[in-house]
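Listed here are the chains, written in short residue letters.
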Amino acid sequence: AVIAQADEVSHTDALTFIPNRRQIMIDLQNAVEFSERYGTPLSISMLDIDHFKNINDIHGHSAGDEVLRNLAGTLRQYIRHPDTIGRFGGEEFLIVLPHSTMKAAAEQAQRLCELIRLSLIPIGEQEISMTVSIGIAQYKLHKEDWQSLLNRADAALYKAKNNGRDRWVVSEE
């Protein structure tokens, strides 16, 4: 049981209790291999909390942690199997959507943006609202590897941020 526990700890983000970067990268690589082998669609969404630094600066780091935990919980409840979610970095999350086209990923992103925009997170006596930006890319069968897919989603996320945040952008490449 101790070994199973240690294995789980090595794959789980300690703050949010969702898969950590290492695990979501393994999930991504496996999904790309599956897509390559069976020709099924695969999309990914890179999601980032808007103005996260302000939340930490204004409300403190424990509030920032609570916001991250809350978002992770929302994402975990919201995404459907076989989609997986992981904490990719500070306030960045990666959603892997096997068997999903860009259109399906975009529909999910739109719903997530709306859901998160309307959620209030209780922090002590007050409630914090937040928004997210999302970058989406669909895997190009036999034309790219998982790094390239990730880079395109990241570029789309950057575009969403530059276009005013609280929105999703699809990689046009």
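## Details of the overall build of the chain
1) Next: Along the chain, the regular secondary structure elements total 6 helices and 7 strands.
2) Next: Scanning the chain from its N terminus toward the C terminus, one meets helices and strands in the order α-α-β-α-α-β-β-α-β-β-β-α-β.
3) Next: A compact globule built from 173 residues would reach a C-alpha radius of gyration of about 16 Å, and the chain, at 16 Å, matches this within 12%.
4) Next: Reported as C-alpha extents along the three principal axes, the dimensions of the chain are approximately 50 × 50 × 20 Å.
5) Next: Here the chain holds 173 residues, and the buried ones make up 46% of them.
6) Next: A separation threshold of at least 6 residues defines the contact pool for the chain, and within that pool the share at least 24 residues apart is 66%.
7) Next: With the model as given, the accessible surface of the chain reaches about 9200 Å², and the carbon-plus-sulfur share is 51%.
8) Next: Averaged over its 18 positive side-chain charges, the chain has a centre that lies 4 Å from the centre of its 24 negative ones.

## Structural notes on the pattern of salt bridges
1) Next: On inspection of all chains with the given rule, the structure shows 8 salt bridges.
2) Next: For Lys103, the salt bridge is made with Glu107, and the minimal N-O distance between the two is 2.7 Å. Separated by 4 residues within a single helix, Lys103 and Glu107 lie in helix α5 (residues 102-118), roughly one turn from each other.
3) Next: Here the salt bridges do not stand alone but share partners, grouping Asp48, Asp50 and Lys161 into one network.

About the thresholds
Residues numbered from 1 in each chain as written. Predicted model: local features only at pLDDT ≥ 70, side-chain atom pairs only at ≥ 80, totals over all residues. Heavy atoms only, no water. Helix = DSSP H or I, 4+ residues; strand = E, 2+ residues; numbered from the N terminus. Rg over C-alpha atoms; globule rule 2.2 N^0.38 Å. Buried < 20%, exposed > 50% of the residue type's maximum accessible area, 1.4 Å probe, protein only. Contact = heavy atoms within 4.5 Å. Areas by Shrake-Rupley, 256 points an atom, 1.4 Å probe, with all protein chains shown as cover. Lys, Arg positive; Asp, Glu negative; His and termini not counted. Charge placed at Lys NZ, Arg CZ, Asp CG, Glu CD. Salt bridge = Lys/Arg side-chain N within 4 Å of Asp/Glu carboxyl O.

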